[in-house]
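Fold and contact review
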Amino acid sequence: MTTKEIIALSQKYLMNTYARLPMAPVKGKGSFLWDADGKKYLDFFSGLAVTNLGHADPHILYAIAKQSTKLLHVSNLFYIESQAHLAELLCENSFADKAFFCNSGAEANEGAVKLARKWGHQNKGPLSAEIITMEGSFHGRTLAMITATGQEKVKKGFEPLIPGFKQVPYGNIQAVREAIDEKTCAVLLEPVQGEGGVRVASVNYFKELRELCQKKKLLLIFDEVQTGIGRTGTLFAHEQLGIVPDIMTLAKALAGGLPIGAMLARDFVAQTFVPGDHAATFGGNPFVTSVACAVLETILNDKILDKVKESTLYLRQKLEQLQKKFSFIKEVRGLGLL
């Protein structure tokens, strides 16, 4: 099919939920895409922070081919070898003790909210279920997550929203202090706001936030759906902040293009969940976790993070040169290749 034919077919049968570009990619290799008409593009989208190893990475292709001949799916009512290995890789390379797998970033954040609320009920009282989030944030498209998101544009038309969230300005520690009351159980935020405009708060802000949560006995939750899996130059962005959260959510780049989400937590929080509290039919099945293991092992063993740091220095230097040349460029901001 030609690009025009694919566009026409899509417009006829798909719901109008995306402002799509007039392009239909059909093949990818490394950092490049080819459309249905054979035109070549340099891909800066990376599948919206998903293809961190590029298109058709050989490690990913090998894992897909190998696992697809063995086992695609079984229920989480059984033990799954690749799921256990992926949990080990994530926990041994982070602050976390336990992992839960699902299918997307929104699901991972939903799981984090459920875990935080149950922890709050058990440890702070039945009213402790409110979560403080940040203006400009983005946490997903479910009803709970558009409520948690600090952008009005994603909420309009979907009321009534889910109670239990309160937004404050990002980077303002005093605003967080003033928002805390007897209902608060956690603070949820991104180490770098992606959808909010690639905004990076100060290291001091995050350190004060960690101390505040510790003092007030609140959980600190980092949404690293977009910032995680190497994009910022470390496996997880919070490693550059000198602090650790109590819960962290991941998705996007974790399986190199296959749908997966993960919620990681420290033991004192993770043990709040018991059988029957939470589940995901496809979460962490043998196929997707085998591929995710290949992604993580490649990033950890093939000096990918060193390459990110090297590219970051080059990109920032060149962007700052452009900023000096063109007065309409007001600021160069970000972390790593985000």
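Thresholds applied
- Residues numbered from 1 in each chain as written.
- Predicted model: local features only at pLDDT ≥ 70, side-chain atom pairs only at ≥ 80, totals over all residues.
- Heavy atoms only, no water.
- Helix = DSSP H or I, 4+ residues; strand = E, 2+ residues; numbered from the N terminus.
- Rg over C-alpha atoms; globule rule 2.2 N^0.38 Å.
- Buried < 20%, exposed > 50% of the residue type's maximum accessible area, 1.4 Å probe, protein only.
- Contact = heavy atoms within 4.5 Å.
- Areas by Shrake-Rupley, 256 points an atom, 1.4 Å probe, with all protein chains shown as cover.
- Lys, Arg positive; Asp, Glu negative; His and termini not counted.
- Charge placed at Lys NZ, Arg CZ, Asp CG, Glu CD.
- Core = buried A, V, L, I, M, F, W, Y, C linked by side-chain atoms within 4.5 Å.
- Pairing = 2+ DSSP bridges.
- Salt bridge = Lys/Arg side-chain N within 4 Å of Asp/Glu carboxyl O.
- Axes fitted to C-alpha atoms, helices over the stretch in contact; angles between N-to-C directions.
- Phe/Tyr/Trp six-rings, centres within 6.5 Å; stacked < 30°, edge-to-face > 60°.
- Lys NZ or Arg CZ within 6 Å of the ring centre and 35° of its normal.

**Quick word on the overall build of the protein**
- Scanning the protein for helices and strands turns up 11 helices and 12 strands.
- Here the C-alpha radius of gyration of the protein, 21 Å, is about what a compact globule of 338 residues would show, namely 20 Å.
- If you line up the protein on its principal axes, its C-alpha atoms span 60 × 60 × 45 Å.
- Residues classed as buried in the protein amount to 47% of the 338 residues present.
- Once local pairs closer than 6 in sequence are excluded, the contacts in the protein between residues at least 24 apart make up 69%.
- Working note: accessible area of the protein is about 18000 Å², and carbon and sulfur atoms make up 57% of it.
- Counting 39 positive and 34 negative side-chain charges, the protein places the centres of these two groups 4 Å from one another.

**Details of the nonpolar core**
- Counting residues in hydrophobic clusters, the biggest one holds 33 residues, and the most contacted among them are L86, L90, I229, L250, L254, I260 and I299.
- For this core, the secondary structure elements donating two or more residues are α3 (58–68), α4 (81–92), β11 (247–250), β12 (261–265), α10 (286–301) and α11 (304–325).
- The element best represented in this core is α10, accounting for eight residues.
- What I229 contacts, discounting residues up to four positions off in sequence, is N52, L235, F236, L250, A253, L254, V295 and I299.
- In this structure, F100, C102, I131 and F165 belong to the second largest nonpolar core, which totals 25 residues.

**Re the pairing of strand β7 (residues 184–189)**
- With six of six residues buried, β7 is to be regarded as a mostly interior element.
- With three bridges joining them, strand β5 (residues 130–134) and β7 adopt parallel strand pairing. Within β7, the position partnered with E130 by the bridge is T184.
- Summarising the sheet, β7 and strand β10 (residues 219–223) pair through four bridges and their orientation is parallel.

**Considering the pattern of salt bridges**
- Evaluation of the coordinates by the stated rule reveals nine salt bridges.
- Between K98 and D267 there is a salt bridge; the shortest N-O distance is 3.2 Å. Of the two residues, K98 sits in strand β4 (residues 98–102) while D267 sits in helix α9 (residues 267–270), which places them 169 residues apart along the sequence.
- Exposure remark for K98: the relative accessible area of 42% places this residue in the partly exposed category.
- Assessed through its relative accessible area of 33%, D267 is described here as partly exposed.
- Residue E195 is joined to K153 by a salt bridge in which the shortest nitrogen-to-oxygen separation is 3.6 Å.

**Comments concerning the sheet that holds β10**
- On the basis of which strands lie adjacent, the open sheet formed by seven strands has the order β4-β12-β11-β10-β7-β5-β6 and mixed pairing. Because the sheet does not close on itself, it has two edges, and the strands there are β4 and β6 (165–168). Put simply, the sheet's adjacent strands are angled 20° from each other on average, direction ignored.
- Relative to the sheet, helix α5 (residues 105–124) contacts β4, β5, β6, β7, β10, β11 and β12, its axis offset from that of β7 by approximately 155°.

**A closer look at the packing of aromatic side chains**
- One pass over the structure, following the stated rule, counts five aromatic pairs.
- With a centroid separation of 6.3 Å and 75° between ring planes, the pair formed by W119 and F268 is classed as edge-to-face. Placement of W119 in helix α5 and of F268 in helix α9 is noted, with a sequence separation of 149 residues between them.
- Look at W119 and you get buried, because its relative accessible area is 8%.
- Owing to a relative accessible area of 34%, F268 belongs among the partly exposed residues under this scheme.
- Here the aromatic rings of Y170 and Y205 are separated by 6.1 Å at their centres, their planes lie at 70°, and the arrangement is edge-to-face. Of this pair, Y170 sits in the loop between β6 and α7 (173–179) while Y205 sits in helix α8 (residues 203–216), and the two are 35 residues apart along the sequence.
- For Y205, a relative accessible area of 2% translates into the label buried.
- The structure contains a cluster of three or more aromatic residues connected by ring pairs, namely Y170, Y205, F206 and F222.
- Sitting over the ring of W34, K27 keeps its end group 4.7 Å from the ring centre.

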